[in-house]
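Breakdown of the fold
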Amino acid sequence: MFNKHPKGLIPAALSNMGERFGYYIMNAVLVLFLCSKFGISEEKSTLIYSFFYAGIYLLSLIGGYIADKKQNYKGTIMAGLVIMAVGYIVLSFPITANSGNITWLLTLTCAALFLIAFGNGLFKGNLQAIVGQMYDDLEAEAAKKGEKELKIAKSKRDSGFQIFYVFINIGGLIAPFVAPLLRSWWLNAHNMVYNASLPALCHEYIEKAEQMSAEALGNLYQLMAQCVGDTANMADSCAQYLQIFNEGIHYSFLASVAAMFISLIIFLVTKKQFPNPGKKEAVAAVQYSEEEKQAMAKEIKQRLYALFAVLGVVIFFWFSFHQNGTSLSLFARDFVNTTTIAPEIWQAVNPFFVITLTPIIMMIFGSMARKGKEISTPRKIAIGMLIAGLAYLFLSVYSFSQGYPSATEFRELPIDQQVKAGAWVLIVLYFLLTVAELFISPLGLSFVSKVAPKHLLGLCQGLWLGATAVGNLLLWIGPLMYNAIPIGYCWAIFLIVCLISMGVMLAMVKWLERVAK
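Residues numbered from 1 in each chain as written. Predicted model: local features only at pLDDT ≥ 70, side-chain atom pairs only at ≥ 80, totals over all residues. Heavy atoms only, no water.

Evaluation of the coordinates by the stated rule reveals two cavities of 30 Å³ or more. Space inside the largest cavity adds up to approximately 350 Å³. Along the wall of the largest cavity there are 26 residues; nearest its centre are Tyr24, Tyr53, Tyr165, His322 and Glu437. Put simply, the parts of the chain that give the lining of the largest cavity at least two residues each are α1 (9-38), α2 (42-70), α4 (102-143), α5 (147-189), α10 (290-321), α12 (349-370), α15 (423-451) and α16 (457-473). With five residues, α5 is the largest single contributor of residues to the lining of the largest cavity. Grouping the constituent residues of the lining of the largest cavity by class yields 13 nonpolar, ten polar and three charged. Looking at the second largest cavity, its volume works out to about 100 Å³. Taken together, Phe33, Lys37, Val90, Leu91, Phe93, Ile95, Leu105, Leu108, Thr109 and His250 make up the full set of residues lining the second largest cavity. Of all the secondary-structure elements, those providing two or more residues to the lining of the second largest cavity are α1, α3 (73-91) and α4. Of the residues belonging to the lining of the second largest cavity, the class tally is seven nonpolar, two polar and one charged. (1 Å grid on protein atoms, 1.4 Å probe; cavity = no way out; pocket = protein on both sides within 12 Å on 5 of 7 lines; lining within 4 Å. Points joined across faces, edges and corners; volume = space filled by probe spheres on them. Helix = DSSP H or I, 4+ residues; strand = E, 2+ residues; numbered from the N terminus. Nonpolar A, V, L, I, M, F, W, Y, C, P; charged D, E, K, R; others polar.)

The structure is reproduced here in structure tokens:
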């Protein structure tokens, strides 16, 4: 798998894996944590999540610009890791939210999220740009040895980014277990039991007391008896449960801090193996004649047009795929049996499938390439959109078959009348979404590294992440539909979005293939 890849690929992937481990500890629980800590609605929680998630990728544009301008990719990456560590430190303080401090405490939490997003912007795109430069250098060396060697070198780029993507997901596989397990341990240490539905009912009781609906009040007393035992003073029991419930999550963010520093150490020890895209291009630029510069300017325009065309399509993939942190997390909490597995842990299914399926998909793509039947990157992206649509088709059909109403109506039902889905539903869903992701995300990064002008590598990788940001800005729409309409219709809308995007991509595919050659 690693044969004939640049020697710096694995160190870069390990550094990225450490950062992603710390990030996914927080990301897996963020939406549900905001709800359980502050008692805010799912709509408000996912709106904060959408802006945070978009900020991570939008700020990659700034990170790419800084690295390109300063010609210091490595220093920018290290600064990003330090800034992220500061954000996680702020999140780790277990301050209990109440009516007197909720405004400034929520503001402080959002400020910490901004630090994490800004640090991520400095780190993420620039490390990917360095990986792209590794393959530029590999191809340049191969070209000196002949056409056959150059063809082999070029075939390594897509698989290289897929390897890089596997390491990201090794961190993502372990991370979702950290906060839920620590939270359950902390609850058990205080003679309490975890229940995903109880925090929302506790907040509702603190706000409304006995004015809650009869169904909600009945659900609260039933769950409180099971999880806490003491229902004599319900207000105190609710406040205590919320405090212990959230403290366990706060402490898990210390693991994120440790992960940032481990990633920084790996990068510092191995950074001499990494190329600096800016330095190489600065030397080459003085060798161009005026005619060459004019020809290059025309080619650069075509490359940028192709880049923006693909970015426009993948916006809608990320809008659909990143529902795993919003409406799909809420679905796991509300509609899936969580008595043995916390809803946040289901986010580990996606990286598990990435790790296990990537070698299989790489083998298939490699076999097709050897037979002269290689599928182009733009065509792979179109296929990925189709597979993402199939995932939402499955979930929509299942939801209609169960007669599921909107999530708001479902939560108001007495607990005994809430028919929950089995774990297999989430496993099938995330299997299909993961296959779609493997056709789009790592190969999209590879496509960007192919078409990006060499002196704008950091900025163009930032543009890919910027497109992801635009998709993330739309994430709040999913939970809005999830709570307002029967959820089968909610998933059907995502199906339609994926199919339209696939059609647009197929319409452009021949032009994109010409530009990427």
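Let's shift gears to the environment of Val428. Within the fold, Val428 resides in helix α15. Assessed through its relative accessible area of 30%, Val428 is described here as partly exposed. Between the alpha carbons of Val428 and Val349 there is a distance of 9.9 Å; along the sequence they are 79 residues apart. (Buried < 20%, exposed > 50% of the residue type's maximum accessible area, 1.4 Å probe, protein only.)

Another aspect to go through is the pattern of salt bridges. Taken as a whole and judged by the stated rule, the model has eight salt bridges. Between Arg333 and Glu42 there is a salt bridge, with the nearest N and O atoms lying 2.5 Å from each other. Pair noted here: Arg333 is in helix α11 (residues 327-334) and Glu42 is in helix α2, with a separation of 291 residues, a long-range link. The two residues Arg333 and Glu42 agree in class, both being buried. Here the salt bridges share partners, and the residues they tie into one network are Glu42, Arg333, Asp334 and Arg411. (Salt bridge = Lys/Arg side-chain N within 4 Å of Asp/Glu carboxyl O.)

Okay, the packing of α3 against α4 next. It is the contact of α3 with α4, at a shortest axis distance of 7 Å, that shows an interaxial angle of 155°. Taken as axis vectors, α3 and α4 run roughly antiparallel relative to one another. Handedness of the α3/α4 crossing: left-handed. Its residues assigned to classes, the contact of α3 with α4 shows 21 nonpolar, seven polar and one charged. (Axes fitted to C-alpha atoms, helices over the stretch in contact; angles between N-to-C directions. Parallel < 35°, antiparallel > 145°, perpendicular 65-115°, else oblique. Left-handed = near helix turned anticlockwise from the far one by under 90°.)

Quick look at the packing of aromatic side chains now. The tally for this structure, following the rule as stated, stands at 32 aromatic pairs. Each residue in the set Phe319, Phe331, Phe335, Tyr392, Phe394, Tyr398, Tyr404, Phe410, Trp424, Tyr482, Trp491 and Phe494 is aromatic and connected to the rest through ring pairs, giving one cluster. The ring of Tyr24 carries the charged tip of Arg20 above its face, separated from the ring centre by 5.4 Å. Seen from the ring of Phe38, Lys37 lies directly overhead, with NZ or CZ sitting 5.7 Å from the centre. (Phe/Tyr/Trp six-rings, centres within 6.5 Å; stacked < 30°, edge-to-face > 60°. Lys NZ or Arg CZ within 6 Å of the ring centre and 35° of its normal.)

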